[in-house]
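Next come the chains, spelled out residue by residue.
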Amino acid sequence: MTDSQVRADHVFFADVDGWYRITRNERAVASPFDLRLTSLPAALPAQIGEWRATDLPMHPQVMELYDNPEVAFQRAYQNPAGDVVWLTFIGHRGPPSFHLFEHTPTICYPLQGWTMLRETVDAIPLQGGSLYAQRGLARNEADGAQIAVFYWYLWDTEARDPTDGILSIRVSAPITTTEERAVALLKQNFIPNLFPTIVPWRRF
């Protein structure tokens, strides 16, 4: 196991929906990384497990739609086998943070030439339980390429107070062979490096 898989120094609260729509998919999740708004992007290393990152530019339209968020960065992580995963973090606090729930992949992808073919909630098995995320399948209308995407929201505290801020996390991978392989790459190989453990805690 890698260091990031066995250490869990920071606890956050994840859900598939927004401020006032707390769902039964909400979970407390531990990460070896300090993913608070005030610590990013510096706290997220360029190497996570076997994955090495290259910084990517954020689309100018994204910055406009999200009202120039406090945190906004995107990276491509690649493993030794040549698999690529794209990781996007967008964070805001106060009234502008509501834009994070208004501009989901279902809404934003079409603006960038993608069609969302399917969207559902899926479980990502981790130590101690499952992290739940919105899972989508998208197709590029220009060349027919497809990607698998997972996205969810992350708070520093269980209060989910807008003044403290929130992160939107999006992780995607190109479908080079089958959707099942791309999904497995995200669920089994990449995401558990970011969030190895579910912490015993339930609001309901």
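Residues numbered from 1 in each chain as written. Predicted model: local features only at pLDDT ≥ 70, side-chain atom pairs only at ≥ 80, totals over all residues. Heavy atoms only, no water.

A. Region of interest: the overall build of the protein. A tally of regular secondary structure across the protein gives 5 helices and 11 strands. Counting across all 204 residues of the protein, residues that qualify as buried make up 49%. Long-range pairs, those at least 24 residues apart, make up 64% of the contacts in the protein with a sequence separation of at least 6. A total accessible area of about 9,300 Å² is found for the protein, and carbon and sulfur atoms account for 51% of it. (Helix = DSSP H or I, 4+ residues; strand = E, 2+ residues; numbered from the N terminus. Buried < 20%, exposed > 50% of the residue type's maximum accessible area, 1.4 Å probe, protein only. Contact = heavy atoms within 4.5 Å. Areas by Shrake-Rupley, 256 points an atom, 1.4 Å probe, with all protein chains shown as cover.)

B. Geometry of helix H5 (residues 179-194). For H5, built from 16 residues, the straight-helix expectation of 22 Å at 1.5 Å per residue is met to within 8% by its first-to-last C-alpha distance of 22 Å. Approximately 30 degrees is the largest bend angle found in H5, and it occurs at Leu-186. Among all positions of H5, only Glu-179, Ala-182, Val-183, Leu-185, Leu-186, Lys-187, Phe-190, Ile-191, Pro-192, Asn-193 and Leu-194 are buried. (Expected span 1.5 Å × (residues − 1). Bend = angle between axes of the 7 residues up to and from the residue.)

C. Molecular detail of the pattern of salt bridges. The tally for this structure, following the rule as stated, stands at 13 salt bridges. Its salt-bridge partner being Arg-75, residue Asp-55 comes within 3.1 Å of it at the nearest N-O pair. Note that Asp-55 is positioned in strand E4 (residues 51-56) and Arg-75 in strand E5 (residues 71-78), a separation of 20 residues in sequence. You can call Asp-55 exposed: its relative accessible area is 59%. (Salt bridge = Lys/Arg side-chain N within 4 Å of Asp/Glu carboxyl O.)

D. Representation of the packing of aromatic side chains in the model. Tallied over the full model, the rule gives 6 aromatic pairs. Note on Phe-73 and Phe-89: the rings are 5.3 Å apart at their centroids and 20 degrees apart in plane angle, and the pair reads as stacked. Placement of the pair is Phe-73 in strand E5 and Phe-89 in strand E6 (residues 84-92), with a sequence separation of 16 residues. The same class applies to Phe-73 as to Phe-89, namely buried. (Phe/Tyr/Trp six-rings, centres within 6.5 Å; stacked < 30°, edge-to-face > 60°.)

E. Highlighting the nonpolar core. Counting 39 residues, the largest nonpolar core has Leu-35, Leu-44, Trp-152 and Leu-154 as the members making the most contacts within it. Among the secondary structure elements, those contributing two or more residues to this core are strand E1 (10-15), E5, E6, strand E7 (114-126), strand E8 (129-140), strand E9 (146-155), strand E10 (166-174) and H5. It is H5 that contributes the most residues to this core, 7 residues altogether. Setting aside chain neighbours within four positions, we find Leu-44 in contact with Phe-33, Leu-35, Phe-73, Arg-75, Tyr-77, Leu-87, Phe-89 and Leu-194. Counting 6 residues, the second largest nonpolar core, distinct from the first, contains Phe-13, Ala-28, Tyr-151 and Ile-166. (Core = buried A, V, L, I, M, F, W, Y, C linked by side-chain atoms within 4.5 Å.)

F. Molecular detail of the environment of Phe-150. Examined against the element boundaries, Phe-150 turns out to sit in strand E9. Overall, the relative accessible area of 0% leaves Phe-150 in the buried class. The sequence separation of Phe-150 and Leu-87 amounts to 63 residues, and the corresponding C-alpha distance is 9.8 Å. In contact with Phe-150, other than residues within four places in its own chain, are Asp-122, Ile-124, Ala-133, Gln-134, Arg-135, Ile-169, Arg-170, Val-171, Val-183, Leu-186, Lys-187 and Ile-191.

G. Main features of the side chain of Asn-193. Of note, Asn-193 is situated in helix H5. On the basis of relative accessible area, Asn-193 is assigned to the buried category, the value being 4%.

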